[in-house]
Amino acid sequence: MLFALVILRKFRLKPASVAALLLLAAPFLFAAPPTIKIPRVETPPTLSDFDTMQPAARVADRMLKVTGFIAREPADGAEPTQNTDVYLAYDTHNLYAVFICWDKEPDKIRARMTRREDIFSDDSAEIMIDTFNDARRGYTFAANPLGIQWDALWTEGSIGSGRPADFSGFDDSFDTVWRSEGRLTGQGYILLMAIPFKSLRFPNSDTQEWRIILNRTIPRTNENLFWPRITNRIQGRFNQAASATGLDHISSGRNIQLIPYGLLRGFRDIDQRDPTNPFFESRTLQPEAGLDAKFILHDSFVLDATVNPDFSQVESDQPQITVNQRFEVFFPEKRPFFLENSNYFTTPINLVFTRRIGHPEFGLRLTGKSGPWAVGVLASDDRAPGEALPPTDPHSGDRATFTIARVSRDILDQSTIGAIFTDREFAGGYNRVGGLDANLKLNQNWRVQGAAVTSSTVDVVAGTHSAGPGYKIDLERAGRKFNLQSLYLDYSPGFVTETGFVNRVDIREQNINASYYFRPEGKFLISYGPTLQQFNIWDHRGTALDYFFFPGFRVDMARSTYVNFHPFGYDDVRLRPLDYSALSRVTAYPQPFWGIEAGTSWLKELDFTAFFVSGKGVNYDPAAGQAPTLGHEDQGNFTLTFHARGRLRIDNAYLLEHIREPHLTAVTNHIFRSKWNYQFTRELSARVILQYNSVLSNPAISALPHTKNFNADFLITYLVHPGTAIYVGYNSDLANLNHSLAVDPGTGFIQTTPNGYINDGRQFFVKASYLFRF
């Protein structure tokens, strides 16, 4: 800004001319990233070598010291309030990073004995490594002051992800084996990371050149510190990273990983394969076994295989409102086999949504990179479709098969083009989708991605065939003040993806998300400015279906405190006789409303978030024969997290959906969830999840059944490291179902009772797995 004022006054130029000059000069306004040479050591460093926050004599001259961190938040380019030194080295087997995190107020450091990957309410330090030196993908290893780990894969240019801007590129499903130790001191904390080369993929070459970023976060001051300087005035991270040389004659070796597991499980639940005659099914404790295997090919390709995978220990989904929704609600994948390296299958249109694979017995995945080419292949069976059919159905017990292949090529600066093919087959029918996509970086701030695909679907049982194209183009600007996402998508009436997630077709949609922030970057007030969400939707006959307008004003303050107030919003939904037979013509449902979003971590013991909207709303589930009606809608989502005594974390959530017509309530949905996790040691933890879900409906104006459900989930985990663990779990579900399991012929659901519950499902299991690494 000072530079611009000097130019204006000295040469009397117009502001537009100065803006053009600044745009041309932008690449030269930031110092070129440095190059470092990481030394090789014969003796690995230990935490005790740094007991005094200074290196012992035997390592002081053998490790490379890195200092001079620069803040990105709260003030980009500012000097940090606390100093940080990092010592780097490597040997035949590991890369070592020792963080010396000085702190003038060590009693205010946030450090908790918590479960793995739950560290982002704490102080933390992080190293990011781009082992292929292409500024496109990389590894991230982070830990809190006690050494609790978090690891992830980073992908540049992950726009439109729906995650917070600073986390949109992280894939935290990645889990690997590495070592970390941390210790609090009277002057801050010390953190040692040892990252095995066996846990990394890199070119098969005697000489390596990697890109490296070091990071430290201090939650109480909102500081996000980097070395070298990483600014969000331009898009991307690894394009600003330092170059790391000196890593010579290293290899991941003959890396073979085998993870066999054994399982004892007993359960009791309701068999509803024949919806007219449900019954209870029980099984006593019976043994099961399975195997996950990983083979590293030429240091850069990974072949994963699974036989009879089990996911009993996977945590249940975070609750979402699913009532009064016209379209399928997205629940993210949580199963480790399908999550790992899933970024190799990511395209602008979500064509790979592996939750469609419900109950696999076999799975195979190949992912990796050679030069500019990246490849991903996934094949799996799925027993779920055949298991859902009654025994009298000719396809009962049949399996679906999934085959997915994607290839992409790096071009230009952090840009990629690719192609994808997906195929799902069942009962003689199939769904196949193929197409091309591109993700192009236009300059330091602008990026565009797009896809053009087509599908073909044959249902032999129903005797139908459908086909059609789908298109999406997404333009994004990422910067420190002005951020914009503008997209257009078009799904024809015949477009179907049974391997992906596209929950609405026969639409053309224009969508804008924009924000502009003023940044005083003071000790309390960080930024403020307007926000906007807006979209238009039409069908392929040109009928307007939805117009949505939701402006807001956001204020960000210290300690992760924010408020985004939406004084007014407008949603004009139009429903067709095609959507509801009770309608005789296209009917408009104008819905003015207001809303607010807020959150804070002001106290280190508490985290709080809130979302609430209120105004006009539509009852999308009217009673049989009735048309949707316009009434009043309240919707809320509130979370409150307690960090108690450093080892206990309690996450509480409350969700509300309330629709009332002028004189009657149509439906009220309450969801309460409380998750308690106690960490005895780094390895041993106990978790309890209690959840209550009630749908209180008025049968005179709502087609939704009156349901109440209470679920309890208990899990004890002893996790040595990813792959080696013991789990003991119990899950029980209570519902207000009729004891006789009688089915209501009008709705097809099991009849409910106003009072009383039955146990409609419970499970007990003991699971053990062990990682063998060769």
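Positions within a chain are numbered from 1, following the residues in the order the chain's sequence is written. Local features in a predicted model are, by the rule used here, given only for residues with pLDDT of at least 70; side-chain atom pairs are given and counted only at 80 or more, and totals for whole chains, interfaces and linings are based on all residues. The basis for every side-chain value is the complete set of heavy atoms in the structure, and neither hydrogens nor water enter the calculation.

Undergrad: Pulling in residues and values, what's your account of the overall build of the protein?
TA: Secondary structure assignment for the protein yields five helices and 39 strands. For the radius of gyration, the atom set is restricted to C-alpha positions; the globular benchmark scales as 2.2 Å times the number of residues to the power 0.38. The C-alpha atoms of the protein give a radius of gyration of 28 Å, which matches the 28 Å a tight globule of 774 residues would have. Counting only C-alpha atoms and orienting by the principal axes, one finds that the protein spans roughly 80 × 75 × 50 Å. Classification of the 774 residues of the protein by burial places 50% in the buried group. The accessible surface values rely on the Shrake-Rupley method and a 1.4 Å probe; as for residues, cover is taken only from the protein chains in view. Working note: accessible area of the protein is about 34800 Å², and carbon and sulfur atoms make up 59% of it. The average position of the 78 basic charges and that of the 83 acidic charges among the side chains of the protein differ by 6 Å. Counting from the N terminus, the helices are DSSP H or I runs at least four residues long and the strands are E runs at least two residues long. When a residue's accessible area, from a 1.4 Å probe over protein chains only, is under 20% of the maximum for its type it is buried; when over 50% it is exposed; and in between it is partly exposed. His is not counted, nor are the chain ends; Lys and Arg add positive charge and Asp and Glu add negative charge. Here the site of a charge means atom NZ of a Lys, CZ of an Arg, CG of an Asp or CD of a Glu.

Undergrad: Can you tell me about the environment of Tyr654, naming the residues and giving the values?
TA: Checked against the element boundaries, Tyr654 lands in strand S33 (residues 648-660). If we skip the residues at most four places from it in the chain, Tyr654 touches Gly636, Asn637, Phe638, His670, Ile671 and Phe672. We define a polar contact as two N or O atoms separated by no more than 3.5 Å, with the added condition that, inside protein, one atom must be a possible hydrogen donor and the other a possible acceptor, whereas residues neighbouring each other in sequence contribute only through side-chain atom pairs. Polar side-chain contacts of Tyr654 include one of 2.8 Å to the side chain of His670. When checking whether two residues touch, look at their non-hydrogen atoms; a contact exists if any pair is within 4.5 Å.

Undergrad: Tell me what's going on with the packing of aromatic side chains, and back it up with residues and numbers.
TA: What describes a pair of aromatic rings is the distance from one ring centre to the other and the angle between the planes of the rings. Only Phe, Tyr and Trp rings take part, Trp by its six-membered ring, and two of them pair if their centres are within 6.5 Å. Stacked means planes under 30 degrees apart, edge-to-face means over 60, and tilted covers everything else. Here the structure, examined in full by the defined rule, presents 32 aromatic pairs. Through a chain of ring-to-ring contacts, three or more aromatic side chains come together here, namely Phe120, Trp150, Trp154 and Phe170. Here, over-ring charges are defined by two tests on the NZ atom of lysine or the CZ atom of arginine: distance to the ring centre within 6 Å, and angle to the ring normal within 35 degrees. The ring of Phe337 has Arg365 lying over it, and the distance from NZ or CZ to the ring centre is 4.6 Å. Across from the ring centre of Tyr430, 3.9 Å away, lies the NZ or CZ of Arg432, which sits over that ring.

Undergrad: Describe in detail the sheet that holds strand S10 (residues 179-185), supporting the description with residues and values.
TA: Pairing is antiparallel in the open sheet, where five strands are placed in the order S2-S4-S5-S11-S10. Both outer strands of the open sheet, strand S2 (64-66) and S10, are each paired with one neighbouring strand and no more. Neighbour-to-neighbour, the strand axes of this sheet turn through a mean angle of 15°, independent of strand direction. A pair of strands is labelled paired if DSSP reports no fewer than 2 bridges between them. Lines fitted to the C-alpha atoms define the axes, with helices restricted to the stretch that makes contact. Angles between their N-to-C directions range from 0 to 180 degrees.

Undergrad: Any chance you could break down the side chain of Arg216 for me, citing the residues and the numbers?
TA: Topologically, Arg216 is positioned in strand S12 (residues 207-218). The class for Arg216 is buried, based on a relative accessible area of 0%. A polar contact is formed between the side chain of Arg216 and the backbone oxygen of Asn83, at a distance of 3.0 Å. Within the structure, Arg216 has its side chain in polar contact with the side chain of Thr84 (distance 3.0 Å).

Undergrad: If you had to explain the pattern of salt bridges to someone new, which residues and values would you point to?
TA: A pairing counts as a salt bridge when a side-chain nitrogen of Lys or Arg comes within 4 Å of a carboxyl oxygen of Asp or Glu. Applying the stated criterion across every chain, the model contains 47 salt bridges. Across the pair Lys108 and Glu105 runs a salt bridge, and its minimum N-O distance is 3.1 Å. Here Arg687 makes a salt bridge to Asp713, at a shortest N to O gap of 3.6 Å. A residue pair is termed long-range when its members are at least 10 positions apart, and Arg687 in strand S35 (residues 684-697) and Asp713 in strand S36 (residues 707-721) qualify at 26 residues. This pair shows no difference in class: Arg687 is buried, exactly as Asp713 is. A network of salt bridges, in which partner residues are shared, links Arg326, Asp506, Asp539, Arg541, Arg576 and Asp579.

Undergrad: Give a description of the nonpolar core that names residues and reports values.
TA: To qualify as a nonpolar core, a set must consist of buried Ala, Val, Leu, Ile, Met, Phe, Trp, Tyr and Cys residues joined through side-chain atoms within 4.5 Å. In terms of nonpolar packing, the biggest core is built from 39 residues, with Leu95, Phe99, Ile127, Phe141, Trp210, Ile212 and Leu214 touching the most fellow members. Only strand S4 (84-90), strand S5 (94-102), strand S6 (124-130), strand S7 (137-143), strand S11 (188-196), S12, strand S13 (223-227) and strand S14 (242-248) provide two or more residues apiece to this core. Not counting residues within four places of it along the chain, the set of residues in contact with Leu214 comprises Val66, Phe69, Val86, Phe99, Glu126, Ile127, Leu225, Phe226 and Trp227.

Undergrad: Give me the lowdown on the pairing of S35, citing residues and values where you can.
TA: Two faces belong to every sheet, and in a regular strand the side chains alternate between them. Where strand S34 (residues 665-679) lies against S35, 13 bridges are found, and the strand directions are antiparallel. The residue bridging Thr668 from the neighbouring strand is Leu696, located in S35. Between the end of S34 and the start of S35, which pair antiparallel, lie four residues. Sheet topology places S35 next to S36; twelve bridges connect them, and they run antiparallel.

Undergrad: Tell me about the confidence of the model for the protein, residues and numbers included.
TA: For every residue, the predictor reports its confidence as pLDDT, a number between 0 and 100. Summary statistics for the protein give a mean pLDDT of 89 and a share of 93% for residues scoring 70 or more. Note that residues 15-29 has pLDDT below 50 and, in this model, ten contacts with residues that lie over four places away or in other chains. Ignoring residues within four places in sequence, the model shows residues 159-167, a span with pLDDT below 50, making 16 contacts including any to other chains.

Undergrad: Talk me through the side chain of Asp130; I want residue IDs and the actual numbers.
TA: Along the chain, the position of Asp130 falls in strand S6. Although Asp130 lies buried, it forms no salt bridge, and the closest oppositely charged side chain, Arg211, sits 4.0 Å away as judged by the N-O distance. Within the structure, the side chain of Asp130 is placed 3.1 Å from the backbone nitrogen of Asp134, a separation counted as a polar contact. Setting aside residues up to four positions removed in sequence, Asp130 forms contacts with Ala135, Arg136, Arg137, Gly138, Trp210, Arg211 and Phe238.

Undergrad: Describe in detail the environment of Trp676, supporting the description with residues and values.
TA: Along the chain, Trp676 turns up in strand S34. In this structure Trp676 comes out as partly exposed when scored by relative accessible area, which is 39%. In this view, Trp676 contacts Leu648, Arg649, Ile650, Ala686, Arg687 and Val688; residues no more than four positions away in its chain are not counted. Within the structure, Trp676 has its side chain in polar contact with the side chain of Ser674 (distance 2.8 Å).

Undergrad: Talk me through the pairing of S10; I want residue IDs and the actual numbers.
TA: When S10 meets S11, the two strands line up antiparallel, connected through seven bridges. Within S11, the residue paired with Gly182 across the bridge is Leu191. Between the antiparallel neighbours S10 and S11 lie two residues.

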